[in-house]
Amino acid sequence: MNTSAGKTALITGASSGIGLELAKLFAKDGYNLVLVARSDDKLQQLANRFNDDYGIETTVIGKDLSEEDAAQDVYNQVREKGLTINVLVNDAGVGAYGKFANETEWEREKALIHLNVLATTQMTKLFLKEMVERNEGKILNLASLVSVTPFPLMAVYAATKAYVYNFTQSLINELKDTKVTVTALLPNATNTDFFNKAGATNIRATDQVDDPAMVAKDGYKALMAGESKVVPGGLVNKMYEVMAYVAPQEAVAAMMRYNNEPKAEPKEQKKEEGSDKAANSSALAWGLGIAAVAVAGVALAVAYSNSSVVDKWRYKYKLGKLKWKASRGYAHASDEAVDLVSEASKAVSNGLDNLRQTVARAVN
Ligand SMILES: NC(=O)c1ccc[n+]([C@@H]2O[C@H](COP(=O)([O-])OP(=O)(O)OC[C@H]3O[C@@H](n4cnc5c(N)ncnc54)[C@H](OP(=O)(O)O)[C@@H]3O)[C@@H](O)[C@H]2O)c1
């Protein structure tokens, strides 16, 4: 059965990047669309393509959401067209690069806060009320992995994403007795024009970027399943999140600062291999090491309670070894961290296997 028939999704920031990839997924599944961004010409081209390819109805609203009450205006236009919004995607967002004290401009940051925080909140306020009245609806909010970590050199941006994530998790609790779901999408650095537009060119974070189509696919799946949050991608992205919760904030901030700094010029690269890089990689190794121990510790605790005396000693030894490695993470920097992550993930899956067996025994 096609559950999307006759349903409408409103997507802000649909003219490029992750929002565009999300729009494609909704269109493919037969949702009618309301696309919002400033570049209405791009949105109109997209609308024509979707309408031809998928036989859906697409409405374009060209709007600068960083302006006062822009969300109210979008809502009014939707109402005038007699549309019901079943899914709201708050994707539109921008960053601003530089040291807050003396490199970034207040006017730009004010507009950023308006777009990332006020527009997202007001859009949610306006459309959520109707969803709750109908007892039906879904919202996807674009948070970020930096919602849960400091992000020096993009301090205001990271703070807005922390807001989006926290706001989302509180709403989920408030809505738990309804059929309305809210999901936070927390991507790592993604291959869009985001960093370029933020003025962050040639930084280390853009060396390894995720595919926006993959990010959108994981976000769409989590949204449809009504999950509270999703970190798209593989184990490394998930470990970043765990690390953010368990590692000291100073270590996480140092690692994120390193990632967000410009890449060294070739002739400076050798110098960088010295003290600065070592210090930062040790922060990375240390942070990841602590995270690995935390994840492994949980898994081992699960496994421990159901194991033989011999296995209990083995698990104790393994956890001790992991702790030791974490405390000496500086020795082989990121190599050490990767080893820890892979050991931890094995421990997690061992622990889960044991848990599964225990549950199966209890059921039978
Ligand atoms: N790329 C990453 O590494 C990354 C990681 C984590 C989270 N995110 C989040 O993902 C979301 C999408 O970013 P992206 O990476 O896909 O970047 P992007 O390609 O630059 O897309 C940003 C979208 O927001 C729209 N937008 C920007 N300013 C706007 C304004 N004032 N009013 C209305 N729409 C506006 C843009 O359209 P117009 O320019 O046409 O207005 C565009 O459609 C953002 O919320 C971002 O914070 C990105």
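See the structure printed just above.
Keep in mind that what you see is a predicted model, and the values were worked out from it rather than measured.

Q: Would you mind showing me how to read the overall build of the protein chain here?
A: In terms of helices and strands, the protein chain carries 13 helices and 7 strands. In the protein chain, which comprises 364 residues, the proportion classed as buried is 48%. Pairs at least 24 residues apart make up 71% of the contacts formed inside the protein chain by residues separated by at least 6 positions. Accessible surface, the protein chain as shown: approximately 18200 Å² in total, 52% of it carbon and sulfur.

Q: Is there a simple way to explain the sheet that holds strand E3 (residues 58-62) in this structure?
A: Consider a sheet: its strands pair through backbone hydrogen bonds, and that pairing is either parallel or antiparallel. Pairing is parallel across the open sheet formed by 7 strands, whose spatial order is E3-E2-E1-E4-E5-E6-E7. Here the strands that pair on one side only, and so sit at the sheet edges, are E3 and strand E7 (229-230). Pairing geometry for strand E1 (residues 8-12) and strand E4 (residues 87-90), over 3 bridges, is parallel. Bridge pairing in E4 places Ile11 opposite Val89. Contacts between helix H1 (residues 17-28) and the sheet are confined to E1, strand E2 (32-37), E4, strand E5 (137-142) and strand E6 (180-185), with E1 contributing the most and set at about 170° to the helix. With respect to the sheet, helix H5 (residues 155-174) is in contact with E5, E6 and E7, its orientation differing from that of E6 by roughly 155°.

Q: Quick question: what am I supposed to make of the site of the ligand here?
A: Close to the ligand lie 32 residues, the nearest being Ser39, Asp91, Tyr157, Thr192 and Lys197. Contact between the ligand and Leu65: a nitrogen atom at 2.8 Å from a main-chain N or O atom of the residue. At 2.6 Å from an oxygen atom of the ligand is found a side-chain nitrogen or oxygen belonging to Lys197. Ranked by the residues each element gives to the shell around the ligand, the list is headed by helix H6 (residues 194-198), at 3 residues. In the shell around the ligand, the residues fall into 14 nonpolar, 11 polar and 7 charged.

Q: I'm lost on the packing of H1 against helix H7 (residues 212-224) in this one. Help?
A: Between H1 and H7, the shortest axis-to-axis distance is 8 Å and the interhelical angle comes to 55°. Put simply, H1 runs oblique to H7. Crossing hand, H1 versus H7: right-handed. The residues of H7 that touch H1, namely those facing Gly17, Ile18, Glu21, Leu22, Leu25 and Phe26, are Pro212, Ala213, Val215, Ala216, Lys217, Tyr220, Leu223 and Met224. Residue composition of the contact of H1 with H7, by class: 11 nonpolar, 1 polar and 2 charged.

Q: What should I look at first to understand the environment of Asn135 in this one?
A: The residue Asn135 is located in the loop between helix H4 (106-134) and E5 in this model. Taking the C-alpha atoms as reference, Asn135 lies 9.9 Å from Leu175; in sequence the two are 40 residues apart. Ignoring sequence-local partners within four residues, the contact set of Asn135 consists of Thr178, Lys179 and Val180.

Q: Which parts of the structure should I look at to understand H1?
A: If you check H1, its first and last C-alpha atoms are 17 Å apart, about what 12 residues at 1.5 Å a residue would give, namely 16 Å. Burial in H1 covers these residues: Ile18, Gly19, Leu20, Glu21, Leu22, Ala23, Phe26 and Ala27. Of the residues trailing H1, Gly30 is marked for its positive phi of about 90°.

Q: How should I be thinking about the packing of aromatic side chains in this particular structure?
A: Aromatic ring pairs: the centre-centre distance and the angle between the two ring planes describe each pair. Applying the stated criterion across every chain yields a total of 7 aromatic pairs. Centre to centre, the rings of Tyr163 and Phe167 are 5.7 Å apart; their planes meet at 20°, and the pair counts as stacked. In this pair, Tyr163 and Phe167 both sit in helix H5, 4 residues apart, roughly one turn of the helix. A relative accessible area of 18% means that Phe167 is categorised as buried. Here the aromatic rings of Phe194 and Phe195 are separated by 5.1 Å at their centres, their planes lie at 80°, and the arrangement is edge-to-face. Comparing Phe194 with Phe195, the two get one shared label, buried. The rings of Phe26, Tyr31 and Tyr220 are connected pair by pair, giving a single aromatic cluster.

Conventions used here
- Residues numbered from 1 in each chain as written.
- Predicted model: local features only at pLDDT ≥ 70, side-chain atom pairs only at ≥ 80, totals over all residues.
- Heavy atoms only, no water.
- Helix = DSSP H or I, 4+ residues; strand = E, 2+ residues; numbered from the N terminus.
- Buried < 20%, exposed > 50% of the residue type's maximum accessible area, 1.4 Å probe, protein only.
- Contact = heavy atoms within 4.5 Å.
- Areas by Shrake-Rupley, 256 points an atom, 1.4 Å probe, with all protein chains shown as cover.
- Pairing = 2+ DSSP bridges.
- Axes fitted to C-alpha atoms, helices over the stretch in contact; angles between N-to-C directions.
- Near = heavy atom within 4 Å.
- Polar contact = N/O pair within 3.5 Å; in protein donor to acceptor, adjacent residues only side chain to side chain.
- Nonpolar A, V, L, I, M, F, W, Y, C, P; charged D, E, K, R; others polar.
- Parallel < 35°, antiparallel > 145°, perpendicular 65-115°, else oblique.
- Left-handed = near helix turned anticlockwise from the far one by under 90°.
- Expected span 1.5 Å × (residues − 1).
- Phe/Tyr/Trp six-rings, centres within 6.5 Å; stacked < 30°, edge-to-face > 60°.

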